[in-house]
Structure formats: C-alpha cells, structure tokens
Amino acid sequence: MLNTYLDHFLAPVVVLTGASSGIGHATALAFARAGAHLVLAARGPEALDKVAAECVLLDAQALAVPTDVTDADAMQALAHAAIGRFSRIDVWINNVGIGAVGAFDATPMEAHARVIAANLLGHMNGAHAVLPHFRQRGRGTLINMISSGGWVPAPYAAAYTASKFGLRGFSEALRAELGSLPDVHVCEVYPTFVDTPGLFHGANYTGKRLRPPPPVLDPRTVAHALVALSRAPRDVTAIGSVAIPGRLAHAVAPGLTARATRWLMDQALARADPAPVTNGNLFEPSRVHTIDGGYRTLAVRAMPVAAVALAGAVGLGILWAMRPRPRRPQDTRRMAARPRRAR
C-alpha cells in the first residue's frame, strides 16, 4: 500500500512502442515535457536513440530499447528492462501501426501476415508482457492505439482493417476480463487520419502515390490526448472531427458506407501520380523518422469536399435506415388469414 501511495507523487513510468516517428515521436516528447520517465521501443536503434536524446534535452529520463513488437520474447524483455530501470511501469502504450495498401489478392500474403502480426499480435504481446506487473501492483494503464479503422473498413487495406477491428474486440474483451481490478485500465484510442510519414514508409502495392484523405490531424494533438488519457483513463477516446460521423455512418448503413469509401478511394487513385510498388517498412525499420508527414497544408484545400462527402454518407445512411420497407409476401398472407373482429 505504501508503494501505491507514493506512486502518486513520483514521475510516471511510460513504456511507448513505435516511438521513432509520427505519433510515437510526438508522444515521447509530450510525455517528456510532462515530466514522465520514458522507455522507448522501435525497431531502428539509431532513430530510437535520437528520440531518447531529445527527451533527455527536455530534462526527462529516457531509456531506448530496440524492439520488434512481433517478437513476444522481445516484448517481455522490454517490460523487464523498464522495471529494471525504474522499478515499475505505470502506463504502457501499444502504438505500433503499419499498413499495406493494395487490392487484397494483388497484395502478397506475407504482407498481410506482417500487418496482422505487428498491429494485432504486437499489441497482444505488449499486453501479455505488462499485465502480470499491473496485476501484482493492482494498478496500471494499458493504452491501445487503434484508429478509426477499427470502426470503418478501409477498402484496399483489408489486413489493416482486420487488425484494427480485431484490436477493438481484443481491447473490449480484455477490459471485461480485468473488471475486478478497478485501477487497471484498458483504453482504446481512435484517431482519424494523422499527418505522419506512415503512408510514405508503408507498403504500397497500388502503383500510385498515396495521400491521406482530409482532414488530417496534427500528431501532437494525438500525443496530448494520450498524456491526458494517462492521467484520467477512459475506455474509448475518439480524436478528429470525422471520427464520430464515420462511426455513425457505418453503424447505420455499413454497406453503403463501405461502397462510398471505395468510390472515394477509386477516385483518388485514378487521379494519383504513379509510384513504385514497395514493401515499405513491413520487413525492415522505417527510413523516415519525422513527426509530420507534410500533408496538412495540401489537405486544407480539399477539406470542404471531404466534409461534404462524409456528411452525405451519414445522411444517406440515416435515410436508408428510415426508409419504408415493403411487406414481404408471407406478411401479406399472414394479415389476410387473421380473423376480423365482429363490429
């Protein structure tokens, strides 16, 4: 009990995977500014060391542990390294996310498998490594970065969609399982598209240059939300103006939403410039380690079009759900067979 009481007055110990670029890089710096002790994980040691050094310049303590989240033993070692350095773990953030864009049957199966291994099994490996420690202490916060792709399917990114839908189910099941531990939290985070290098260094089998649809979020907005979530955990956090409308559209009319999404992607790919087919960072560390992807300035011009398209999808979905439905033949026969009341 004494250790638990003292923890409230100590700097939180945060383990963060996918820390070398994008949301992870921004999140590491945000927690450093907030005074946390950081244990940073990613595949590329050089990029990871640079992020750790940036955190140290902000007067934070930071430990870099090169880790492949698909390796369960490596994730166990990551947890042991954090506890060995700081004696405890308060927050564990599963942040790794990779993707492979292309028609499902034109994308190699090993690429699909790698996406599932990193996005879904990687999060499960992280949870499996830290939960015994949380159980022992009776407290701790596990944050699973999922994305709006956990609610709305993305055509031409079938494995990514499968991993994100799976993560949502995994998180809900795990939270129910841990219900008897009120101070152990499982949090789900659903940002919309974020302005990171993710699409640049992801796998691309379309032969076209990829850009995220607007509006895109500043990675620092997501980072600040994660810091806030570590202080006041909540089950579900959606980030981005189109997160809730997209979820509503899929809930009301999933087929229509999927078809509209595919049409928008087809239109975007038809206008896109050619690009080489690449495995990206599926099987090797990322080569771009900036926070920003450089898409926000370009996205502002197209934002009204995207907003109108999304609003239209939601509206059509609601109208479709409320439409009068014709009676089936068996219903007509059933009504005709009912005896009439005597007047």
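Residues numbered from 1 in each chain as written. Predicted model: local features only at pLDDT ≥ 70, side-chain atom pairs only at ≥ 80, totals over all residues. Heavy atoms only, no water.

1. Observations concerning the sheet that holds strand β4 (residues 91-94)
Under the convention used in this document: Between any two strands, pairing holds if DSSP finds at least two bridges. Note on conventions: DSSP H or I runs of at least 4 residues are helices, E runs of at least 2 residues are strands, and numbering of each starts at the N terminus. Orientation is described by axes fitted as lines to C-alpha atoms, over the contacting stretch for helices, and by angles from 0 to 180 degrees between their N-to-C directions.
With respect to topology, 7 strands assemble into an open sheet ordered β3-β2-β1-β4-β6-β7-β9, the strand pairing being parallel. Edge positions in the sheet fall to β3 (62-66) and β9 (236-239), since each has one partner strand and no second. For this sheet, the mean inter-axis angle between neighbouring strands, taken without regard to orientation, is 15°. When strand β1 (residues 13-17) meets β4, the two strands line up parallel, connected through 3 bridges. From the neighbouring strand, Val-14 faces β4, where its bridge partner is Val-91.

2. Overview of the pattern of salt bridges
Formally: One side-chain nitrogen of Lys or Arg within 4 Å of one carboxyl oxygen of Asp or Glu is enough to make a salt bridge. Only protein chains enter the area calculation, which uses a 1.4 Å probe; residues under 20% of their type maximum are buried, those over 50% are exposed, and those in between are partly exposed.
Overall, the coordinates contain 13 salt bridges when judged by the stated rule. Salt-bridge contacts for Arg-137 lead to Asp-90; the nearest nitrogen and oxygen are separated by 3.4 Å. Of this pair, Arg-137 sits in helix α5 (residues 109-137) while Asp-90 sits in the loop between α4 (72-86) and β4, and the two are 47 residues apart along the sequence. Its relative accessible area of 17% is what places Arg-137 among the buried residues. Notably, a salt bridge pairs Glu-188 with Arg-175, separated by 2.6 Å at the nearest N-O pair. Of the two residues, Glu-188 is situated in strand β7 (residues 184-191) and Arg-175 in helix α6 (residues 158-177); the sequence distance between them amounts to 13 residues. A relative accessible area of 0% places Glu-188 in the buried class. Salt bridges linked by common partners bring Asp-195, Asp-218, Arg-220, Asp-292 and Arg-296 together as one network.

3. Looking at the confidence of the model for the chain
Applied cut-off: Confidence of the predictor in every single residue is expressed as pLDDT, which spans 0 to 100. Contacts are assigned to residue pairs that have any heavy atoms within 4.5 Å of one another.
Residue-level pLDDT values for the chain average 87, and 84% of them are 70 or greater. Segment residues 299-322: pLDDT under 50, and 21 contacts once partners within four positions in sequence are set aside and those in other chains are kept.

4. Concerning the side chain of Asp-195
The following threshold applies: Here a polar contact is recorded for every N or O atom pair within 3.5 Å, except that within protein the pair must consist of a potential hydrogen donor and a potential acceptor, and residues adjacent in sequence are included only if both atoms are side-chain atoms.
Summarising the element assignment, Asp-195 is placed in the loop between β7 and α7 (198-201). We classify Asp-195 as buried; its relative accessible area is 2%. Among the polar contacts made by the side chain of Asp-195, one reaches the main-chain amide nitrogen of Gly-294 at a distance of 2.9 Å. Engagement of the side chain of Asp-195 in a polar contact is seen with the backbone nitrogen of Tyr-295, the distance being 2.8 Å. Residues contacting Asp-195, with those up to four places away along its chain left out, are Val-216, Leu-217, Pro-219, Ile-291, Asp-292, Gly-293, Gly-294, Tyr-295 and Arg-296.

5. Considerations on the pairing of strand β2 (residues 37-42)
Note the following rule: Crossovers are marked right-handed if the path from the first strand over the helix to the second runs clockwise, as seen with the strands pointing away from the viewer.
In terms of burial, β2 is a largely internal element, 6 of the 6 residues being buried. Taking every second residue as pointing to the same face, both faces of β2 are buried, with His-37, Val-39 and Ala-41 on one and Leu-38, Leu-40 and Ala-42 on the other. Bridge count between β1 and β2: 5 bridges; the pairing is parallel. From the neighbouring strand, Leu-16 faces β2, where its bridge partner is Leu-40. After leaving β1, the chain enters helix α2 (residues 22-33) and then returns to the sheet as β2, a path that is right-handed. One ladder, built from 5 bridges, connects β2 with β3; its direction is parallel.

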